[in-house]
Amino acid sequence: MGRTAFSSPSPSSSVAVTVAASVASFLAGMDVLIVNVALPTIAAELGGDMAVQQWVVDGYTLLFAALLLLAGSLADRFGAKRVFLIGAALFGLASLFCSFAWSMAALVFGRCVLGVASALILPASMSLINEANPDPRRRAWALALWGAGGASASAVGPLLGGLLTPIHWSLVFVINVPFCLLILVLAPRIRRSPRRVIRFDWIGQALALAGLTTLVAGIIEVGAIGVAAPATLVLLGVGLLALVLFVVSQTKVVAPMMPLGLFRIRGMQVALQIGFIMIFNWYGMVFICTMFLQNERHMGAFAAGLVFVPSAFVTIIGNLIGGRIITAHGVRFSITLGLAIMIAGFLFEFLAPAPIPVWVVATGLSIVGFGAAITTPAAAGVVLRSVDPAQAGIASAMFNTFRQVGGAIGVAVFGVIATFLPSLDVALRSVFVASAVLLAYVLVFELLRWRER
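Please read all numbers here as calculations on a predicted model, not as lab measurements. (Residues numbered from 1 in each chain as written. Predicted model: local features only at pLDDT ≥ 70, side-chain atom pairs only at ≥ 80, totals over all residues. Heavy atoms only, no water.)

K.L.:
Could you clarify how one ought to interpret helix H10 (residues 266-296) in this entry?
P.N.:
Two residues of an α-helix separated by three or four positions point the same way, owing to the 3.6 residues in each turn. Taking 1.5 Å per residue, 31 residues should reach 45 Å; H10 reaches 43 Å between its end C-alpha atoms and fits that length. Judged by how many residues are buried, H10 sits mostly within the fold: 27 of 31 residues are covered. Just beyond H10, the residue with positive phi is His298, at close to 55 degrees. (Helix = DSSP H or I, 4+ residues; strand = E, 2+ residues; numbered from the N terminus. Expected span 1.5 Å × (residues − 1). Buried < 20%, exposed > 50% of the residue type's maximum accessible area, 1.4 Å probe, protein only.)

What follows is the structure in C-alpha cells.
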C-alpha cells in the first residue's frame, strides 16, 4: 500500500520540523561524547576500569546503532512524527534516570535506554525533513542545519561535559531534558506524517542486535582479559557468526530490515563508507583525546573541555558553509573537499612533536571538524537522492546505523589499542594516522568509482 497523499507543508511547519530535527540531531550526537570528559570523575565515584568506561560510551552507541534500522521501519509504519515524539519523551526520561545512577551497572543500563531513544528520533528526524522540504534547494539547507546539529554536538559535547562535570557529573545528563522539552513544545506545529503498511524483520533485528553487541564486547575484552582468553574468543566468534547469519537472513525474508539491493547503488556505497569511517575516527579520537588530556597532560575536566571550544564554533560554521557549497557545486565536490580537509587535519596532528601540544590537539580537532561539517550534510543528501522516496526512511536508518556502528567499534578498537601502547600520546598518534589512511581510502573510492547523478 502506498503512502497517503498529503498537501504541501506550510512554511511554519517546515521551520518547526527543521528546528526540532536539528535539536534531535544535536542531542543524539552530543550524548555520545558529553560523557567522555566526565568518565574519570564518574569512575572515581562509582568505580570502573577502562573496560567499564568503554561500556558507558558503547552501551549508548550499540543500542543506538543496532535499533536504527528497526526504528526506520517504525517511522515508515507508524509515521515519522509519532515515532519522533515518543523517542524525544523517552530520551528525557532516560536522561533523568542516568543523572540518579547509583552504580556503574545502573548507569550503563540508563545509557542503553538512551541509545534506544536516539534510535527512534534520528531516522525519524531525517524523514521529517524530507517530508517538510520537497524543494531540493530548501531540503539542502534543512539538511545542512540538521548536519550542523549532529556535527557541532560532537564538538560541543566534550565542552559541556567539561563545564558541567566540576559542578556534578549528573548534570551531563540533566542538560538533555530542556532540549527534549523544546522538541515536545514544537510538536503541534509539525504536521502528521504519512504511514505505510510494512512488515517487520524480527529475525534480522535479533541477529543484528546479538551480533553487534557480542562483537563489540569481544573487542573490549581483548583489552581487558586478552585476545586468547576463552571468553574473548567466544564473544568474537558468536558476534561474527550472528552477523553472517544476519546477512544471509536478509536474502531470505520477504521484508528485510536492510535491503541488500541498496548496497548496489554507488551513491549509497559512498555514503555508507563515509558515515562508518568518519564516526569510527571521530569517536575513537575524542575518547582517547579526553583520556590523554586528563590522564597524561593532567588537565582538569573543565580545562580539557575548553580544548574542544574552537572545534565547536568551526564545526557550526562549516555546516552552514556546507549548504552553500552543496548548492553551488554539488554533493560530490563537497564530499571530496570535506574528506581532503579531514585528512590534512589528522596528518597535522600526527606530525606534531612529542608529547602532542594541547594547541595542536585543539587546532587539529577544528580542522577535522570543519571537514566533517562539510561532508556530513552532503553524504546525507546522497542517501536521500539515491533511493526511491518510499525507501527514504530505511535508507536514512542504514546511513545512521553505519555511522553509529562505526562509532561503537571506534571506541572499542582504539580503547583496546590504548591498553597495549606505552602511552596515551602514542595511542592518540595511532588514531590520527589510522584515521588519515581510512579517509584516504574513502576519498580514492569516491573519486574513482562514483559519479554524482
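K.L.:
Mind showing me how you'd approach the pattern of salt bridges here?
P.N.:
Two side chains bearing opposite charge may form a pair once their charged atoms approach each other closely. Summed over the entire model, instances satisfying the criterion amount to two salt bridges. The salt bridge involving Arg111 is made with Asp31; its shortest N-O contact spans 3.1 Å. Placement of the pair is Arg111 in helix H4 (residues 104-132) and Asp31 in helix H1 (residues 11-46), with a sequence separation of 80 residues. Considered together, Arg111 and Asp31 belong to a single accessibility category, that of buried residues. (Salt bridge = Lys/Arg side-chain N within 4 Å of Asp/Glu carboxyl O.)

K.L.:
Even after reading the chapter, I still don't get the packing of aromatic side chains, so can you show me in this structure?
P.N.:
Each aromatic ring pair is characterised by the separation of its centres together with the angle its planes make. Applying the stated criterion to the full structure yields 11 aromatic pairs. Seen from their ring centres, Phe280 and Phe414 are 5.2 Å apart, and the 55 degrees between their planes marks the pair as tilted. Pair noted here: Phe280 is in helix H10 and Phe414 is in helix H15 (residues 392-420), with a separation of 134 residues, a long-range link. For the pair shown, Phe280 and Phe414 are each scored as buried. An aromatic cluster of three or more residues is present, and its members are Phe97, Trp102 and Phe109. (Phe/Tyr/Trp six-rings, centres within 6.5 Å; stacked < 30°, edge-to-face > 60°.)

K.L.:
Explain the side chain of Glu221 here, please?
P.N.:
You can see Glu221 is positioned in helix H8 (residues 202-225). Within the buried set, Glu221 has no salt-bridge partner at all; the shortest N-O distance to an opposite charge, 17 Å, is to Arg111. Those residues in contact with Glu221 that sit more than four places away from it in its chain are Gly226, Thr232 and Leu235. (Lys, Arg positive; Asp, Glu negative; His and termini not counted. Contact = heavy atoms within 4.5 Å.)

K.L.:
Is there a simple way to think about the packing of helix H3 (residues 80-99) against helix H7 (residues 176-186) in this case?
P.N.:
Geometrically, a packed helix pair is captured by the angle between its two axes and the distance between the axes. Interhelical geometry of H3 versus H7 gives an angle of 160 degrees and a closest axis separation of 9 Å. The angle between H3 and H7 places the two elements in the roughly antiparallel class. As H3 packs across H7, the resulting crossing turns out to be left-handed. Residues Phe84, Leu85, Ala88, Phe91, Gly92, Ser95 and Leu96 of H3 form the contact with H7, whose participating residues are Asn176, Val177, Cys180, Ile183 and Leu184. A breakdown of the residues in the contact of H3 with H7 according to their chemical character gives nine nonpolar, three polar and no charged. (Axes fitted to C-alpha atoms, helices over the stretch in contact; angles between N-to-C directions. Parallel < 35°, antiparallel > 145°, perpendicular 65-115°, else oblique. Left-handed = near helix turned anticlockwise from the far one by under 90°. Nonpolar A, V, L, I, M, F, W, Y, C, P; charged D, E, K, R; others polar.)

K.L.:
I would appreciate a short explanation of the state of the cysteines in the present structure.
P.N.:
When the sulfur atoms of two cysteines share a covalent bond, that bond is a disulfide. Enumeration over the complete set of coordinates arrives at zero disulfides. Just so you know, Cys112 is unpaired, no disulfide at all, and the nearest cysteine sulfur is the one on Cys98, 9.2 Å from it. (Disulfide = S-S within 2.5 Å.)

K.L.:
Would you mind showing me how to read unusual backbone geometry here?
P.N.:
The phi angle of most residues is negative, glycine excepted, and most peptide bonds adopt the trans form. In this structure, His298 takes a positive phi of about 55 degrees despite not being glycine. On the secondary structure map, His298 appears in the loop between H10 and helix H11 (301-306). Looking at His298, the relative accessible area reads 66%, which means it is exposed.

The quantities given are spatial measurements derived from coordinates; they are silent on function.
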